[in-house]
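# Breakdown of the fold
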2 protein chains.
Amino acid sequence: MLYIEREIAEQPDVIARLLDEEYKSVQQIAAAIRKFDPAFVSIAARGTSDNAARYAQYLLGAKAHLPVALATPSLHTLYAAPPNLKRALVIGVSQSGRAEDVRQVIADACKQGALTLAITNDDESPMAGEAEFHLSIHAGEEISVAATKTYTAQLAALAMLGTALVDDEEMFQALRYLPHWIGETLEHAETIADRVERYRYMERFIVLGRGYNYSTAFEISLKIKELCYITGEEYSEADFRHGPIALLNPGFPVIVVTPAGKALPLMLDLLEKLCERQAEPIVISNDVTALNMAQTPMMIPEDIPEWLSSLVAVIPGQLFAMNLALVRGHEVDQPRGLNKVTVTK
Amino acid sequence: MLYIEREIAEQPDVIARLLDEEYKSVQQIAAAIRKFDPAFVSIAARGTSDNAARYAQYLLGAKAHLPVALATPSLHTLYAAPPNLKRALVIGVSQSGRAEDVRQVIADACKQGALTLAITNDDESPMAGEAEFHLSIHAGEEISVAATKTYTAQLAALAMLGTALVDDEEMFQALRYLPHWIGETLEHAETIADRVERYRYMERFIVLGRGYNYSTAFEISLKIKELCYITGEEYSEADFRHGPIALLNPGFPVIVVTPAGKALPLMLDLLEKLCERQAEPIVISNDVTALNMAQTPMMIPEDIPEWLSSLVAVIPGQLFAMNLALVRGHEVDQPRGLNKVTVTK
């Protein structure tokens, strides 16, 4: 069995463990944040972790009314001209906790008097030591180079934080259902594996999402690129209409991430445009209309609230990328030219 | 003559006019910003204008120490759950001033007590009316669907604002040189046109930048996609190393935007990696080492400070995209499936 296959399958357990182990710690962090009353949140991250930060933009924005910026580590490292973060909650997200540029953002933020939080998979990492608070994602060792379980665990950690900040019982209940929903989605793994052969010679692709699933579009795109070496692009539904839609021609594969929710009507309208242009829609959804418009439908459970759908909708994308890499004959656990820990300045 | 050709050529005049006409107004806006003392800046924009916002992240961050967030219009429109922007300077950037979602961000920000500024090419537009301050980019009518002169004018407006905020005489002097540097770059237009035939059958591409020219990578990539319908991706040098570098194989065309400055050493190191993997570097730079590593070098003037290089380094990219569209036989001024004004929710 491949490591990545095992790691994808572990996700319900990882999330369940995280919900148990960090419940109290998240409450304490939320209390500190409320006391600090940040004017905004700045999140420093790279690669997959940056996609977790994209999720936080919508989650913390919509639920806790916190504006979220994605940090610009270059200002801290290359230009040695850090922006003033003293009125911010600064969060560093890194699987390894060893992203040097992210650590530098946290260090500068500490010096400026910001409230700082590291979210990592390693209690002993430099980032965990640097930040005032540390939230461990308890994902266990991730051996496959392409991150899967650590991504959903980062999302879950951020979802727990958002929930604790607004202290909403309905949200807590929904969080507890996550392992179940992820497990249900994993039951479709074979169906996805069977469908993927059709895309053996796909040479390019686009992934679209909006709102909470903008992050999902980015993450699925990254997985396919890392594992299959195919050129792809990811867009919000709105940005896509502002130019890149010109790319579409008949047969163009477009992965559309569109769980039921506020973003669905706009996504359905865009799906119609894709069909008019005879593109090939691959749809991740729990909405029948959306799934019916797909050449390849990938189902997720019906009753997921939109704010948590990002943790579930990414799963079919992970399975799609892994199976496509297998069908193409690639080394799945160790893609060419990548290391598990990437240290950038 | 194509409209886009004329509009690209107009850029020195547009910037010179903008510098003249809005000098005083920018001083007043800067004074209001200093008085308001924002904890951060949030910029709402779509498409090309969003790339101008990316430039502002580095410029306002490094020069004025202001953290800059890219707004999430979905939170204002789809989710009707706007984040709290009362301690922010909120800037809306839109060529037409008719981006409905961007206008909504400004309207919500006004209600919340934020300081608001619209940067548009139309004094009479809804956005110009909605914001407390308006900065006109004075670019004149832009007829070609793909934005060129309005992009550099948006960047110049933001550069003027950053300069006024720090009130630095050396920066003012440099700004005044911009039309000259852009004019010098345009002199290489024919050399670029001659080189482009080589890329007639290019099927995919990557554009890389870092720091101030992260925005340039995005904008050049968007121009090629809009005009040539080729799939491409844009990355910061750091994010590229975190996964997408796996895509590279011999002959892969990679446009590397790397003017002299703080980002250059890292970009040179990455260029070496590209050469090792026998990718095809197309380099926009004023650094001899970088240009020498290129299959296709595209020169910009030597003495541009890095913070203004984004306004100049984009020009060879505009010319490359336009000429490639011509060589491929596309309708350059009216790409398929695009309108000049895109209204998104």
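Residues numbered from 1 in each chain as written. Chains lettered and ligands numbered in written order. Predicted model: local features only at pLDDT ≥ 70, side-chain atom pairs only at ≥ 80, totals over all residues. Heavy atoms only, no water.

All names here are of chain B. Judged by which residues are buried, strand β10 (residues 296–299) turns out to be one-sided: T296 and M298 face inward and are buried, whereas P297 and M299, on the alternate face, are not. The pairing of strand β9 (residues 280–285) with β10 spans four bridges and is classified as parallel. Following the sheet pairing, I282 is matched in β10 by T296. (Buried < 20%, exposed > 50% of the residue type's maximum accessible area, 1.4 Å probe, protein only. Helix = DSSP H or I, 4+ residues; strand = E, 2+ residues; numbered from the N terminus. Pairing = 2+ DSSP bridges.)

Looking now at the packing of aromatic side chains. Scanning the model with the defined rule gives 17 aromatic pairs over all chains in all. Here the aromatic rings of Y212 of chain A and Y79 of chain B are separated by 5.1 Å at their centres, their planes lie at 70°, and the arrangement is edge-to-face. On the criterion of chain membership, the pair formed by Y212 of chain A in the loop between β6 (204–209) and α11 (214–228) and Y79 of chain B in the loop between α5 (73–76) and β3 (88–94) is interchain, its members lying in two chains. Y212 of chain A sits in the buried class, given a relative accessible area of 3%. For Y79 of chain B, a relative accessible area of 10% corresponds to the buried category. Measuring from centroid to centroid gives 5.6 Å for Y199 of chain B and F320 of chain B, while their planes differ by 55°, and the two rings are tilted. Of this pair, Y199 of chain B sits in the loop between α10 (189–195) and β6 (204–209) while F320 of chain B sits in helix α15 (residues 306–327); the two residues are 121 residues apart in sequence, bridging distant segments of the chain. A residue is classified by how much of its surface remains accessible, and Y199 of chain B, at 3% relative accessible area, is buried. A network of ring pairs unites the aromatic residues Y55 and Y212 of chain A together with Y79 of chain B as a single cluster. The aromatic ring of F218 of chain A is capped on one face by R54 of chain A, whose charged end is 3.8 Å from the ring centroid. The positively charged end of R200 of chain B is found above the aromatic ring belonging to Y201 of chain B, 4.4 Å away from the centroid. (Phe/Tyr/Trp six-rings, centres within 6.5 Å; stacked < 30°, edge-to-face > 60°. Lys NZ or Arg CZ within 6 Å of the ring centre and 35° of its normal.)

The next subject is the sheet that holds strand β2 (residues 68–70) of chain A. Residues and elements named next belong to chain A. Taken in spatial order, the five strands make up an open sheet running β2-β1-β3-β4-β5, and their pairing is parallel. If you trace the sheet from one side to the other, it starts and ends with β2 and β5 (133–136), each paired once. Strand-to-strand, the axes of this sheet are offset by a mean angle of 20°, without reference to chain direction. By the bridge criterion, five bridges tie strand β1 (residues 40–44) to strand β3 (residues 88–94) in an arrangement that is parallel. When the bridges of β3 are listed, F40 appears paired with A88. Running at roughly 160° to β3, helix α6 (residues 100–112) makes contact with β1, β3 and β4 (115–120) of the sheet. (Axes fitted to C-alpha atoms, helices over the stretch in contact; angles between N-to-C directions. Contact = heavy atoms within 4.5 Å.)

So, about a negative patch on the surface. Residues and elements named next belong to chain A. There is a patch of like negative charges on the surface, built from E184, E187, E302 and D303. Relative to the elements of secondary structure, E184 occurs in helix α9 (residues 169–186). Since its relative accessible area comes to 30%, E184 is described here as partly exposed. (Patch = residues over 30% accessible without salt bridge, like charges linked within 9 Å, V, L, I, M, F, W, Y side chains within 5 Å. Areas by Shrake-Rupley, 256 points an atom, 1.4 Å probe, with all protein chains shown as cover. Salt bridge = Lys/Arg side-chain N within 4 Å of Asp/Glu carboxyl O. Lys, Arg positive; Asp, Glu negative; His and termini not counted. Charge placed at Lys NZ, Arg CZ, Asp CG, Glu CD.)

Residues and elements named next belong to chain B. Look at helix α6 (residues 100–112): 19 Å from first C-alpha to last across 13 residues, which is about the 18 Å you get at 1.5 Å a residue. Buried residues of α6: D101, V102, R103, V105, I106, A107, D108 and A109, and no others. For α6, the secondary structure elements touched by its buried residues are β1 (40–44), α5, β3, β4 (115–120) and α7 (126–130). Phi turns positive one or two residues past the end of α6, at G113, with a value near 95°. (Expected span 1.5 Å × (residues − 1).)

This part takes up the packing of helix α8 (residues 149–166) of chain B against α15 of chain B. All names here are of chain B. The geometry of α8 relative to α15 is characterised by a closest axis approach of 10 Å and an angle of 175° between their N-to-C directions. With respect to their mutual orientation, α8 and α15 come out roughly antiparallel. Where α8 approaches α15, its residues Y151, T152, L155, A156, A159 and T163 are matched on the opposing element by W307, L308, S310, L311, V314, I315 and Q318. Here the residues of the contact of α8 with α15 sort into nine nonpolar, four polar and no charged. (Parallel < 35°, antiparallel > 145°, perpendicular 65-115°, else oblique. Nonpolar A, V, L, I, M, F, W, Y, C, P; charged D, E, K, R; others polar.)

So, on to the relation of the copies chain B and chain A. Once chain B is rotated about the relating axis by 180° and shifted along it by 0.0 Å, it coincides with chain A to within an RMSD of 0.0 Å. Read as a symmetry element, the transformation amounts to a two-fold axis. Minimal C-alpha distance to the rotation axis in chain B is attained by A69 of chain B, lying at 2.1 Å. (Least-squares fit on C-alpha atoms with pLDDT ≥ 70 in both.)

Right, let's get into the pairing of β3 of chain A. Residues and elements named next belong to chain A. Most of β3 is tucked away: seven of the seven residues are buried. Going residue by residue along β3, you find A88, V90, G92 and S94 tucked away on one face and L89, I91 and V93 tucked away on the opposite face as well. Where β3 and β4 come together, six bridges link them in parallel fashion. Directly across from V90, in β4, lies its bridge partner T116. In terms of handedness, the path from β3 via α6 over to β4 forms a crossover that is right-handed. (Right-handed = clockwise from strand over helix to strand, strands pointing away.)

The next point concerns the interface of chain B and chain A. Where interface size is quoted, it is often the accessible area lost as the parts come together. The interface is formed by 66 residues belonging to chain B together with 68 residues belonging to chain A. When chain B packs against chain A, the two sides together hide about 5,600 Å² of surface, and 57% of this comes from carbon and sulfur. By the criterion of area lost to chain A, the three top residues of chain B are Y79, T231 and H242 of chain B, representing 12% of everything that side buries. The interface formed by chain B and chain A includes six salt bridges. Looking at the side of chain B that touches chain A, the elements with two or more residues in it are α4 (48–64), β2 (68–70), α5, α11 (214–228), β7 (231–236) and α12 (237–241) of chain B. By residue number, the principal contributor to the side of chain B that touches chain A is β7 of chain B, which donates five residues. Split into classes, the residues belonging to the side of chain B that touches chain A amount to 32 nonpolar, 18 polar and 16 charged. (Buried area = accessible area lost by both parts, 1.4 Å probe.)

The next thing to look at is the side chain of S236 of chain A. Positionally, S236 of chain A belongs in strand β7 (residues 231–236). Judged by relative accessible area, S236 of chain A falls into the buried class, the value being 5%. Only 3.0 Å separates the side chain of S236 of chain A from the backbone nitrogen of D239 of chain A, close enough to count as a polar contact. Excluding anything up to four places from it in sequence, S236 of chain A contacts G209, R210 and Y214 of chain A together with R46 of chain B. (Polar contact = N/O pair within 3.5 Å; in protein donor to acceptor, adjacent residues only side chain to side chain.)

This part takes up the domain arrangement of chain A. Residue and element names in this part refer to chain A. Domain assignment breaks chain A into domain 1 (3–176) and domain 2 (188–327). Centre-to-centre separation of domain 1 and domain 2, based on C-alpha positions: 26 Å. The partner domain 2 presents 21 residues to the 26 residues of domain 1 that form the contact. On the surface where domain 1 and domain 2 come into contact, there are zero salt bridges. There are five residue pairs in polar contact (both at pLDDT 80 or more) connecting domain 1 and domain 2. Residue assignment for the side of domain 1 that touches domain 2 shows that the elements contributing at least two residues are α1 (3–9), α2 (11–21), α4 (48–64), α8 (149–166) and α9. Of all the elements, α4 adds the most residues to the side of domain 1 that touches domain 2, at eight residues. In the side of domain 1 that touches domain 2, the residues fall into 16 nonpolar, seven polar and three charged. (Domains from an automatic or database assignment.)

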